[in-house]
Amino acid sequence: MRVIAGKYKGRKLISPHGEVRPTTDVVKGSLFSILNSMGVTEDARCLDVFCGSGGVGIEALSRGARSCVFVDRDTDNVKSNLDKLGLDCRVVRAEYRRALRLLRGESFDLIFCDPPYKSGYADECAELIFKYGLLDENGIAIIEHSSENSLIFKPENCIIERRNFGLTALEFIKRGGNESDNIGNI
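Residues numbered from 1 in each chain as written. Predicted model: local features only at pLDDT ≥ 70, side-chain atom pairs only at ≥ 80, totals over all residues. Heavy atoms only, no water.

Engineer: How do you make sense of the state of the cysteines when you look at a structure like this?
Structural biologist: Should the sulfur atoms of two cysteines be covalently bonded, the bond is a disulfide. Per the counting criterion, the structure on display carries zero disulfides. Looking at the unpaired Cys89, the closest cysteine sulfur is the one in Cys68, lying at 6.2 Å. (Disulfide = S-S within 2.5 Å.)

Laid out in C-alpha cells, this is it:
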C-alpha cells in the first residue's frame, strides 16, 4: 500500500493485518480524481472513519487537504504511518458510534467512511454523520461499501451519486438545494 499522488507520492504505508480490506490504489485514484475535478481536496478539513492504516486520509493530506481526523478502534497502524510521514494529526481510538458522537459540533469538508463490507455499518455511519451535523454545508461524505449492496440511508435534501469499481461501490453524498435534488449527479 502506498500514497499515489501529491506531496507524499510513492511513500509506502503499513497495512493492517488480518481480515481487512484496504481501499485499492485503483479505487483511491478514481476517488481522488473525482474529488480533484470538483476542486474540493485542497485545504479541506477531512474525517476518515474506519481509517485502518489511514491510507485515504493520508492521500487527502498528500493532495493538499488542511487536516484530517482519523477514527478507528485500532489506531496503531495509522499512528505508525503518520509518524513515518511526520504528520501531526488527531487520532480518535474508539468504536465509530462513540467517536462520531464525540466529534459532534465539528464540521468537515470531506468525510471518508469505509466500514468492513460485511458489517452492515455503512448506513448507520452515514446516518450518524448527518445526525451529528459533521458534514459542512458544502461538504461531501463518501461511503465505501460492497457493490452488491445499496445504501439504504438516504439523507433528506441530499444529492447522492454512486460509482462502482468491481466489488466496491462509492456513494458520494452532498447537500442539495431542495427536496427535488434527492438523487442526481455530482
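Engineer: Quick question: what am I supposed to make of the pattern of salt bridges here?
Structural biologist: Opposite charge on two side chains lets them pair, provided their charged atoms get close. In total, this model carries 12 salt bridges according to the counting rule given. Across the pair Arg93 and Asp76 runs a salt bridge whose closest N-O atoms are separated by 3.2 Å. Of this pair, Arg93 sits in strand S3 (residues 90-93) while Asp76 sits in helix H3 (residues 76-85), and the two are 17 residues apart along the sequence. Via salt bridges that share partners, Lys28, Glu59 and Arg63 belong to a single interconnected network. (Salt bridge = Lys/Arg side-chain N within 4 Å of Asp/Glu carboxyl O. Helix = DSSP H or I, 4+ residues; strand = E, 2+ residues; numbered from the N terminus.)

Engineer: So what exactly am I meant to see when it comes to unusual backbone geometry here?
Structural biologist: Keep in mind that most residues, glycine aside, have a negative phi and that most peptide bonds are trans. The phi dihedral of Asp43 is positive, around 65°, even though this residue is not glycine. Mapped onto the secondary structure, Asp43 falls in the loop between helix H1 (25-38) and strand S1 (45-49). Here the phi dihedral of Phe50 falls at roughly 60°; this positive angle occurs in a residue that is not glycine. Along the chain, Phe50 turns up in the loop between S1 and helix H2 (55-62).

Engineer: Teacher, can you tell me more about the packing of H1 against H2 here?
Structural biologist: When two helices pack together, their arrangement is given by the angle between the helix axes and by the axis-to-axis distance. Between H1 and H2, the least distance of the axes is 11 Å, while the angle of their chain directions is 40°. On the basis of the axis angle, H1 is oblique to H2. Of the two elements, H1 crosses H2, and the hand of that crossing is right-handed. In this structure, H1 uses Lys28, Leu31 and Phe32 to contact H2, whose residues at the interface are Gly55, Val56, Glu59 and Ala60. Residues of the contact of H1 with H2, tallied by class, amount to four nonpolar, one polar and two charged. (Axes fitted to C-alpha atoms, helices over the stretch in contact; angles between N-to-C directions. Parallel < 35°, antiparallel > 145°, perpendicular 65-115°, else oblique. Left-handed = near helix turned anticlockwise from the far one by under 90°. Contact = heavy atoms within 4.5 Å. Nonpolar A, V, L, I, M, F, W, Y, C, P; charged D, E, K, R; others polar.)

Engineer: Would you mind going over the sheet that holds strand S6 (residues 158-165) with me for this structure?
Structural biologist: Across a sheet, paired strands are connected by hydrogen bonds in the backbone, their directions being either parallel or antiparallel. Across the sheet, seven strands lie side by side as S3-S2-S1-S4-S5-S7-S6; this open sheet has mixed pairing. Of all strands in the sheet, those bounded by a partner on one side alone are S3 and S6. Strand after strand, the sheet turns through a mean of 15° between neighbouring axes, direction not considered. Examined bridge by bridge, strand S5 (residues 135-146) and strand S7 (residues 168-175) share seven bridges and lie antiparallel to one another. Pairing of Ser146 across the sheet is with Thr168, part of S7. Of the strands in this sheet, S1, strand S2 (67-72) and strand S4 (108-113) are in contact with H2, which crosses S2 at around 175°. Sheet strands in contact with H3 are S2 and S3, and its direction is about 165° off that of S3. (Pairing = 2+ DSSP bridges.)

Engineer: Quick question: what am I supposed to make of the side chain of Glu59 here?
Structural biologist: Counting through the fold element by element, Glu59 comes out in helix H2. Engagement of the side chain of Glu59 in a polar contact is seen with the side chain of Arg63, the distance being 2.9 Å. With sequence-adjacent residues up to four places away left out, Glu59 is seen in contact with Arg2, Val3, Ile4, Ala5, Lys28 and Phe32. (Polar contact = N/O pair within 3.5 Å; in protein donor to acceptor, adjacent residues only side chain to side chain.)

Engineer: I'm lost on the pairing of S7 in this one. Help?
Structural biologist: Within a regular strand, side chains alternate between the sheet's two faces. In terms of burial, S7 is largely enclosed, as six of its eight residues are buried. Where S6 meets S7, eight bridges bridge the pair, whose relative direction is antiparallel. Counted as the bridge partner of Arg162 is Glu171 from S7. Hairpin geometry of S6 and S7 is characterised by an intervening segment of two residues between the two adjacent antiparallel strands and by a positive phi of about 65° at Gly166. (Buried < 20%, exposed > 50% of the residue type's maximum accessible area, 1.4 Å probe, protein only.)

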